[in-house]
Amino acid sequence: MSMTEYIEEAEQVLLHTYNRYQIVLDRGEGVHLFDADGKSYLDFCAGIAVFALGYSNENYKNAVKSQIDKIIHTSNYYYNVPAIEAAKAIIEASGMDKVFFTNSGAEAVEGALKAARKYAFLKDDTTDHEIIALEHSFHGRTMGALSVTGNPAYREAFKPMIGNIKFATMNDIDSVKAQISEKTCAIIMETVQGEGGIYPAEEAFLKEIRAICDEKDIILILDEIQCGMGRTGYMFAWQRYGVMPDIMTCAKGLTCGIPGGAFVLGKKVAENSLKAGDHGTTYGGNPLTTMAAKTVFEEYKRLDILGNVKTVGEYLYKKLDEIAQRYDIIKAHRGIGLMQGLEFTVPVADIIKECMNDGLILINAGSNILRFVPPLVITKDDVDEMISILTGCLDRIRS
Ligand SMILES: *Cc1c(COP(=O)(O)O)cnc(C)c1O
């Protein structure tokens with residue numbers, strides 16, 4: 001069948017909750033994707049900041065395949081070895097205390113919110129605690145995660161949200177202070193906002209949040225689902241600031257394609273929140289996903305992924321800065337490591353389509369921001385190729 005025929009069929013059977021690009025992706029190799037007609041694309045999306053290791057990492061593929069032959073699922077009634085090893089890798093990389101594995105990012109956020117509420121409940125035996133989240137944030141599409149997502153358009157039709165959520169502004173500490181009350185049990189934020197437009201937290205802001213949380217015994221939840229797992233050149237973006245959260249959420253790059261996530265607790269919350277019977281999942285932490293996660297950590301070390309992100313991330317920054325100077329439709333350039341954005345004065349949908357025609361996959365973050373979240377194994381040559389396709393498209397659009 002041709003791609004057009006596949007797409008017609010897809011629209012017959014799949015609920016139309018996405019305005020998908022008009023290509024059918026068939027296979028991947030390194031940092032390239034191939035569509036069902038065999039056309040090749042340089043991939044600067046990585047399945048939305050997921051496929052950190054690229055598409056043909058042999059050790060990852062072999063580990064997952066051999067785990068399929070052994071056992072895929074056991075349930076959480078029993079222990080399994082890959083889950084223990086994956087949890088040890090997360091603890092070693094983060095210095096935090098305990099791990100709960102989930103199936104997705106949104107579920108990690110749900111678990112983090114429950115742990116924070118339970119911590120507060122155990123302290124004062126009341127159930128009207130408040131949570132502060134940030135505008136422009138994205139935490140997922142389930143009801144709890146959506147309730148703390150700072151995009152009113154995503155929430156509107158699904159109200160009522162979970163109660164007692166207040167919103168403040170990223171990098172505006174007074175706006176956070178204004179929302180704090182005796183009832184505040186948690187502050188949840190992304191260390192670097194992703195979907196909302198690539199807005200990194202400023203160091204002073206994050207440090208002041210940490211200080212407020214310490215002073216008032218408020219749980220700091222850092223959502224590292226997009227910015228974590230090496231994307232900023234640090235295993236977790238908060239390590240760049242030296243600000244450890246009480247709870248961290250992970251997903252996306254954690255399992256590199258096999259659906260999975262985790263929420264990770266510092267000692268204080270781990271010892272004083274969720275107890276046996278308080279939370280659960282059928283699939284979460286099964287041997288297939290945790291084998292994937294464990295292997296991801298091993299491959300990060302072997303391939304020095306963090307080193308590559310620092311080097312290539314700086315190079316990408318320099319190149320995007322040059323572009324930002326050159327084109328007056330570009331308003332701003334932000335980001336860290338291999339998580340960067342160019343903000344345009346116009347919607348970027350046409351630019352993305354043009355680039356796709358020329359064999360480059362890019363995505364947006366909001367209507368006016370081009371987002372660069374490639375596999376973390378890209379090289380400077382890949383950056384050069386991306387820049388050359390992108391500037392070609394921008395020249396055409398401008399003229
Ligand atoms: C993608 C994302 C989520 C949601 O993860 P899912 O796996 O899609 O549920 C939550 N928070 C952030 C910061 C994300 O980027």
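Computed from a predicted structure; not experimentally measured.

As for the packing of aromatic side chains
Then, number 1: The tally for this structure, following the rule as stated, stands at six aromatic pairs.
Then, number 2: Here Tyr77 and Tyr78 contribute two aromatic rings whose centre-to-centre distance is 6.3 Å and whose plane-to-plane angle is 75°, an arrangement assigned as edge-to-face. Just as Tyr77 is exposed, Tyr78 falls in that class too.
Then, number 3: When the ring of Phe236 is compared with that of Trp238, the centres are 6.1 Å apart and the planes differ by 10°; the resulting orientation is stacked.
Then, number 4: Every member of this aromatic cluster is reached through a ring pair, and the members are Phe51, Tyr55 and Tyr60.
Then, number 5: One residue, Lys310, lies across the ring of Tyr234, its end atom 4.5 Å from the ring centre.

Quick notes on the environment of Ala270
Then, number 1: Summarising the element assignment, Ala270 is placed in helix 11 (residues 267-271).
Then, number 2: Here Ala270 falls in the buried class, since its relative accessible area comes to 17%.
Then, number 3: For the pair Ala270 and Ala115, spaced 155 residues apart in sequence, the C-alpha separation works out to 8.4 Å.
Then, number 4: Once residues lying within four places of it in the same chain are set aside, the contact partners of Ala270 are Asp97, Lys98 and Leu265.

A short note on the site of the ligand
Then, number 1: Lining the immediate environment of the ligand, one finds Ser104, Gly105, Ala106, Phe138, His139, Gly140, Glu190, Asp223, Ile225, Gln226 and Lys252.
Then, number 2: Here an oxygen atom of the ligand and a backbone polar atom of Ala106 are 2.7 Å apart.
Then, number 3: Lys252 places a polar side-chain atom, nitrogen or oxygen, 2.6 Å from an oxygen atom of the ligand.

Side note on the sheet that holds strand 16 (residues 363-364)
Then, number 1: The strand order across the open sheet formed by four strands is 13-14-17-16, and the pairing between neighbours is antiparallel. Only two strands of the sheet have a single neighbouring strand rather than two, namely strand 13 (330-336) and strand 16.
Then, number 2: Bridging between strand 16 and strand 17 (residues 369-372) involves two bridges; their strand directions are antiparallel. Across the sheet, Ile363 pairs through a bridge with Arg371, a residue of strand 17.

A look at helix 9 (residues 203-216)
Then, number 1: In this model helix 9 runs 20 Å from its N-terminal to its C-terminal C-alpha over 14 residues, within 8% of the 20 Å that 1.5 Å per residue would give.
Then, number 2: Each element contacted by the buried residues of helix 9 is listed here: strand 5 (130-134), helix 8 (173-179), strand 7 (184-190), strand 10 (219-223) and helix 10 (237-241).
Then, number 3: Backbone geometry just after helix 9 places Asp217 at a positive phi near 55°.

Some words on the packing of helix 4 (residues 81-94) against helix 12 (residues 287-302)
Then, number 1: In the contact formed by helix 4 and helix 12, the axes pass within 8 Å of each other and the chain directions differ by 40°. Here helix 12 runs oblique to helix 4, going by the angle between their axes. When you trace helix 4 past helix 12, the crossing you get is left-handed. Touching Pro82, Ala83, Glu85, Ala86, Ala89, Ile90, Glu92 and Ala93 of helix 4 are Pro287, Thr290, Met291, Ala293, Lys294, Phe297 and Lys301, all from helix 12.
Then, number 2: A breakdown of the residues in the contact of helix 4 with helix 12 according to their chemical character gives ten nonpolar, one polar and four charged.

Describing the pattern of salt bridges
Then, number 1: Inspection of the entire model under this criterion finds 23 salt bridges.
Then, number 2: With a shortest N-O distance of 3.8 Å, Lys319 and Glu322 are connected by a salt bridge. In this pair, Lys319 and Glu322 both sit in helix 13 (residues 305-326), three residues apart, roughly one turn of the helix.
Then, number 3: Residue Glu322 is classed as partly exposed on the basis of its relative accessible area, which comes to 36%.
Then, number 4: Between Glu354 and Arg396 there is a salt bridge, with the nearest N and O atoms lying 2.6 Å from each other. On the criterion of sequence distance, the pair formed by Glu354 in helix 14 (residues 349-357) and Arg396 in helix 15 (residues 380-398) is long-range, its members being 42 residues apart.
Then, number 5: Given a relative accessible area of 25%, Glu354 falls into the partly exposed group.

A word on the pairing of strand 11 (residues 247-250)
Two faces, one strand: in a regular strand the side chains alternate between the faces of the sheet.
Then, number 1: Side chains Ile247 and Thr249 of strand 11 all project onto a buried face; the interleaved residues Met248 and Cys250 project onto the opposite face, where all are buried too.
Then, number 2: Direction of pairing for strand 10 relative to strand 11: parallel, over a ladder of three bridges. Along strand 11, the bridge assignment pairs Leu222 with Met248.
Then, number 3: As paired strands, strand 11 and strand 12 (residues 261-265) are joined by four bridges and run antiparallel to one another. Bridged to Ile247 within strand 12 is Leu265.

What counts as what
Residues numbered from 1 in each chain as written. Predicted model: local features only at pLDDT ≥ 70, side-chain atom pairs only at ≥ 80, totals over all residues. Heavy atoms only, no water. Phe/Tyr/Trp six-rings, centres within 6.5 Å; stacked < 30°, edge-to-face > 60°. Buried < 20%, exposed > 50% of the residue type's maximum accessible area, 1.4 Å probe, protein only. Lys NZ or Arg CZ within 6 Å of the ring centre and 35° of its normal. Helix = DSSP H or I, 4+ residues; strand = E, 2+ residues; numbered from the N terminus. Contact = heavy atoms within 4.5 Å. Near = heavy atom within 4 Å. Polar contact = N/O pair within 3.5 Å; in protein donor to acceptor, adjacent residues only side chain to side chain. Pairing = 2+ DSSP bridges. Expected span 1.5 Å × (residues − 1). Axes fitted to C-alpha atoms, helices over the stretch in contact; angles between N-to-C directions. Parallel < 35°, antiparallel > 145°, perpendicular 65-115°, else oblique. Left-handed = near helix turned anticlockwise from the far one by under 90°. Nonpolar A, V, L, I, M, F, W, Y, C, P; charged D, E, K, R; others polar. Salt bridge = Lys/Arg side-chain N within 4 Å of Asp/Glu carboxyl O.

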